[in-house]
Amino acid sequence: METQNNRQKKDSEGGKGSSVDFIRTIVAEDVRTNKWGGKVITRFPPEPNGFLHIGHAKSFCLNFGIAAENKGGRCHLRYDDTNPITEEARYVDSIQEDVHWLGWDWGEHIYYASDYFEQMYDYAVQLIKKGLAYVCDLSSDQISEYRGTLTTPGKDSPYRNRSVEENMGLFRRMKEGEFEDGSRVLRAKIDMKSPNLNMRDPVTYRILHADHYRTGSKWCIYPTYDWAHGLEDSIEGVTHSICTLEFENHRPLYDWYLDRLEIHHPQQIEFARLELTHTVMSKRKLLQLVDEGHVKGWDDPRMPTICGMRRRGYRPEAIRQFCERIGVNKFNSTIDIALLEHCLREDLNKTSNRVMAVLKPLRVVIDNYPENKDEWLDAVNNPEDPNAGTRKVPFSKVLYIEQEDFMEDPPMKFYRLGPGREVRLRYAYFVTCIDVVKDDDGQIIELHCSYDPATRGGDAPDGRKVKSTLHWVSASHALRAEVRLYDHLFTKERPEEVKEGEDFKSNLNPQSLQVLSNCKVEPSLKEVKPLERFQFERLGYFCVDDDTTGDKFVFNRTVTLRDTWAKIQMQRQKQQK
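What counts as what
Residues numbered from 1 in each chain as written. Predicted model: local features only at pLDDT ≥ 70, side-chain atom pairs only at ≥ 80, totals over all residues. Heavy atoms only, no water. UniProt positions renumbered as here; feature names shortened; annotations may be inferred. Helix = DSSP H or I, 4+ residues; strand = E, 2+ residues; numbered from the N terminus. Buried < 20%, exposed > 50% of the residue type's maximum accessible area, 1.4 Å probe, protein only. Contact = heavy atoms within 4.5 Å. Core = buried A, V, L, I, M, F, W, Y, C linked by side-chain atoms within 4.5 Å. Pairing = 2+ DSSP bridges. Phe/Tyr/Trp six-rings, centres within 6.5 Å; stacked < 30°, edge-to-face > 60°. Lys NZ or Arg CZ within 6 Å of the ring centre and 35° of its normal. Salt bridge = Lys/Arg side-chain N within 4 Å of Asp/Glu carboxyl O. Domains from an automatic or database assignment. Axes fitted to C-alpha atoms, helices over the stretch in contact; angles between N-to-C directions. Parallel < 35°, antiparallel > 145°, perpendicular 65-115°, else oblique. Left-handed = near helix turned anticlockwise from the far one by under 90°. Nonpolar A, V, L, I, M, F, W, Y, C, P; charged D, E, K, R; others polar. Expected span 1.5 Å × (residues − 1). Polar contact = N/O pair within 3.5 Å; in protein donor to acceptor, adjacent residues only side chain to side chain.

An unreviewed UniProt entry lists the protein chain under the name Glutamine--tRNA ligase, from Candidatus Scalindua rubra. As stated in UniProt under Catalytic activity (unreviewed entry), the record for the protein chain gives "tRNA(Gln) + L-glutamine + ATP = L-glutaminyl-tRNA(Gln) + AMP + diphosphate". What the UniProt record of the protein chain gives under Sequence similarities (unreviewed entry) is the line "Belongs to the class-I aminoacyl-tRNA synthetase family."

Put into structure tokens, the structure is as follows:
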């Protein structure tokens, strides 16, 4: 399979590369000036403590994309696995699956921070020997107190001036496991009065007696992210360390560590992370939703995780197109989820075969259609793709249509079926409603219609027109299916905006999932497999769920046909005129 790396290289060579953002401008200038010997080496460094989401997709599409656009460039997949308490091998596997699924390939360049633990320890020893690090016995609360605030300077730890020899001995004993968790830390000796709080003697190592998923019980001290981040980049020879904007204030610390150690020093560049309406991106909050049962796992189709989006029916092409459209900026903003759904519709409209399905069936009997007769009618698979061809759909005396496609007393501008009204059945005939059957409660349970045999295929020889075309399925041929209708997970655009005493979960959408268990779909779907995508005509785009078995069909609604984003853009254009 051709990876996105190769596709991007072809596009770049053909002059069709991604639009030039400020990061690509920096990289291009570095290549022009031969700053890194012509090399472009980026990295995507997830922590394996959860599943990737759409925000991560923006990051790794950027990092892998820039590497692919430059001759000889490469992007490393590196696991920043420095916290043994939260990290698991299953997250490592899921991250690789998601990055590969989106079309990127790291080749042989897969790395782990845990592979560098010994080298990081040696670097810490170098700082101690230079008098630039010390072992501190303050508790975490005391360290916070001594650090000061944005308006008041910090004060020195009473352990700041320990001798090099004492610090070396204590740090060695920390490594050998002599001390309890939290009793001591190693701190860099920088400036307790710095206006940047990150520079006020930050912690580089903490004691943590916990088994690591890769190194087991070998280590009981673990590096902090700020200490490990730059060292990992340096060890791997990264040229451009691309981070999200919250690390901008950490850049002076990144630079300080590498400069004091006098080792390879990549350039850190920050960009704005992705925020989407009607969802949350925090791993902590997503984990809360999973653990508390608000969703049915990390791959719940309502989640913004890559695995959730894949299960819902997204194709990688739609996600990459979305990441390209939103671009790369230096300022934080929130993107309307309608744009993501617009990219999804554009992609699925081109690639999804059309089929007919009825979600809320209403039985229709064609009184003048012959008993025991079946016709197999030609139906177009995808009008956007002539190569998709056609299929046969069965027509018979008894059909199902949508309940909402009939009204006994239709109002103005309701053009679908009603008593005495004629409509077109897609690919089939004109039919007219002649009778309505109700149950004892007055609920409509069956319609009786007549059909015009001369209108086979959907056109009348006498030229008469109808105002509506309905989808349908043959009752005797239909497959029963469960359909899960998904909506936004949160009712509010910004779920974190809550009243005092509430949290983001108070904005959960109680209607985010509706399960319909008696749907009817056409028989061409008998052999479907999980993740196959279709457009149910007039209803939306749907994907075969993993819960589908040989005798049970389950479809997830990926997205409706109604394009909110396109409507918003049209309104804006009118306002501008």
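Participant: Whenever I open this one, the side chain of asparagine 381 confuses me. Can you help?
Facilitator: With respect to the helices and strands, the residue asparagine 381 is situated in the loop between strand 15 (375-380) and strand 16 (390-395). Taking the relative accessible area as the measure of exposure, asparagine 381 reaches 8% and is therefore buried. Asparagine 381 has contacts with Ser352, Asn353, Arg354, Ala388, Gly389, Thr390 and Arg391, leaving out every residue within four places of it along the chain.

Participant: Is there a simple way to explain the nonpolar core in this structure?
Facilitator: The biggest cluster of nonpolar side chains holds 41 residues, and the ones touching the most others in it are Ile54, Phe60, Val99 and Phe322. Elements supplying a minimum of two residues to this core: helix 3 (54-69), strand 2 (74-79), helix 4 (89-101), helix 11 (306-312), helix 12 (316-326) and helix 13 (337-351). The contacts of phenylalanine 60, once residues within four sequence positions are left out, are Phe44, Leu52, Gly65, Asp98, Val99, Leu102 and Trp104. Counting 38 residues, the second-largest nonpolar core is a separate cluster that includes Phe179, Met199, Tyr205 and Ala210.

Participant: Whenever I open this one, the pairing of strand 23 (residues 479-486) confuses me. Can you help?
Facilitator: Regular strands have side chains that alternate between both faces of the sheet. Burial analysis of strand 23 places 7 of its 8 residues in the buried class, the great majority of the element. In the sheet, strand 23 pairs with strand 24 (residues 513-521) via 7 bridges, with the strands oriented antiparallel. Each bridged residue has a counterpart across the sheet, and for arginine 480 the counterpart in strand 24 is lysine 520. Inspection of the sheet shows strand 23 paired to strand 27 (residues 553-559) by 4 bridges, in the parallel sense. By the bridge assignment for strand 27, glutamate 482 is matched with valine 554.

Participant: What am I meant to see in the packing of aromatic side chains here?
Facilitator: What characterises a pair of aromatic rings is the spacing of the ring centres plus the angle enclosed by the ring planes. Using the criterion set out here, one finds 21 aromatic pairs in the structure. On the numbers, 5.3 Å between centres and 40° between planes, the contact of tyrosine 225 with phenylalanine 247 is tilted. Of this pair, tyrosine 225 sits in helix 8 (residues 225-236) while phenylalanine 247 sits in the loop between strand 8 (240-244) and helix 9 (251-261); the two residues are 22 residues apart in sequence, bridging distant segments of the chain. With relative accessibility at 26%, the residue tyrosine 225 sits in the partly exposed group. One Lys or Arg, arginine 214, reaches over the ring of tyrosine 112 and ends 3.7 Å from the middle of that ring. For the cation-ring pair, lysine 285 lies above phenylalanine 504, with the distance from its terminal atom to the ring centre recorded as 5.4 Å.

Participant: Would you mind showing me how to read unusual backbone geometry here?
Facilitator: Note: most residues except glycine have negative phi, and most peptide bonds are trans. For glutamate 262, which is not glycine, the phi dihedral falls at a positive 55°. Its place among the elements puts glutamate 262 in the loop between helix 9 and strand 9 (267-271). Take glutamate 262: its relative accessible area is 66%, and that puts it in the exposed class. Not every positive phi belongs to a glycine, and asparagine 372 is a case in point at roughly 60°. Topologically, asparagine 372 is positioned in the loop between strand 14 (361-366) and strand 15.

Participant: Which parts of the structure should I look at to understand the pattern of salt bridges?
Facilitator: Here the idea is simple: oppositely charged side chains can pair when their charged atoms come close. Evaluated as defined, the whole model comprises 52 salt bridges. Between arginine 273 and glutamate 275 there is a salt bridge whose closest N-O contact spans 3.6 Å. With a relative accessible area of 28%, glutamate 275 lands in the partly exposed category. As a salt-bridge pair, arginine 456 and glutamate 375 come within 2.7 Å of each other at their nearest N and O atoms. Here arginine 456, found in the loop between strand 20 (444-452) and strand 21 (469-470), pairs with glutamate 375, found in strand 15; they are 81 residues apart in sequence, far enough to count as distant. Judged by relative accessible area, arginine 456 falls into the partly exposed class, the value being 46%.

Participant: For this particular structure, what's the right way to read the domain arrangement of the protein chain?
Facilitator: Interfaces are often sized by the amount of accessible area the parts lose when they come together. Its domain assignment divides the protein chain into domain 1 (117-223) and domain 2 (354-478). For domain 1 versus domain 2, the distance between C-alpha centres works out to 74 Å.

Participant: How do you make sense of the sheet that holds strand 14 when you look at a structure like this?
Facilitator: One key point about sheets: their strands pair by backbone hydrogen bonds, in either a parallel or an antiparallel sense. Taken in spatial order, the 7 strands of this open sheet run 21-18-19-20-14-17-22, and their pairing is mixed. Strand pairing shows two members of the sheet lacking a second neighbour, strand 21 and strand 22 (473-474), which therefore form its edges. The pairing of strand 17 (residues 398-402) with strand 22 spans 2 bridges and is antiparallel. Within strand 22, the residue paired with leucine 399 across the bridge is serine 474.

Participant: Looking at this structure, how should I read the environment of alanine 68?
Facilitator: Within the secondary structure layout, alanine 68 lies in helix 3. Considered as a pair, alanine 68 and leucine 186 are 118 residues apart in the sequence and their alpha carbons are 39 Å apart.

Participant: Would you take a moment to explain the packing of helix 5 (residues 117-129) against helix 7 (residues 164-175) for this structure?
Facilitator: Helix packing geometry: the angle between the two helix axes and the distance between the axes. Where helix 5 contacts helix 7, the axes come no closer than 9 Å and their chain directions differ by 160°. By the criterion of interaxial angle, the relationship of helix 5 to helix 7 is roughly antiparallel. Classified by chirality, the crossing of helix 7 by helix 5 is right-handed. Mapping the contact onto sequence places Glu118, Tyr121, Ala124, Val125, Ile128 and Lys129 in helix 5 and Val164, Asn167, Met168, Phe171, Arg172 and Lys175 in helix 7. A class-by-class count of the residues in the contact of helix 5 with helix 7 yields 7 nonpolar, 1 polar and 4 charged.

Participant: Explain helix 13 to me, please; I cannot follow it from the model alone.
Facilitator: Given 3.6 residues per helical turn, the α-helix brings residues three or four places apart onto the same face. In this model, helix 13 (15 residues) spans 21 Å end to end at C-alpha, consistent with the 21 Å of a helix rising 1.5 Å per residue. Among the residues of helix 13, those classed as buried are Ile337, Ala338, Leu339, Leu340, Glu341, His342, Cys343, Leu344, Arg345, Asp347 and Leu348. Between the side-chain oxygen of the N-cap and the backbone nitrogen of alanine 338 there are 2.9 Å, and the N-cap of helix 13 in question is aspartate 336.

Participant: What is the right way to read the UniProt feature "binding site: L-glutamine" (unreviewed entry) in the protein chain from this model?
Facilitator: Look at the UniProt record and you will see "binding site: L-glutamine" (unreviewed entry) annotated at Asp80 and Tyr225. These residues run over 146 residues, yet every pair of their C-alpha atoms falls within 8.0 Å of each other. Residue position: aspartate 80 is located in the loop between strand 2 and helix 4. Contact partners of aspartate 80, with chain neighbours within four places excluded, come to Pro45, Pro46, Glu47, Pro48, Glu87, Ala113, Tyr225 and Glu232. Ignoring anything within four residues of it in the chain, the contact list for tyrosine 225 reads Asp80 and Phe247.

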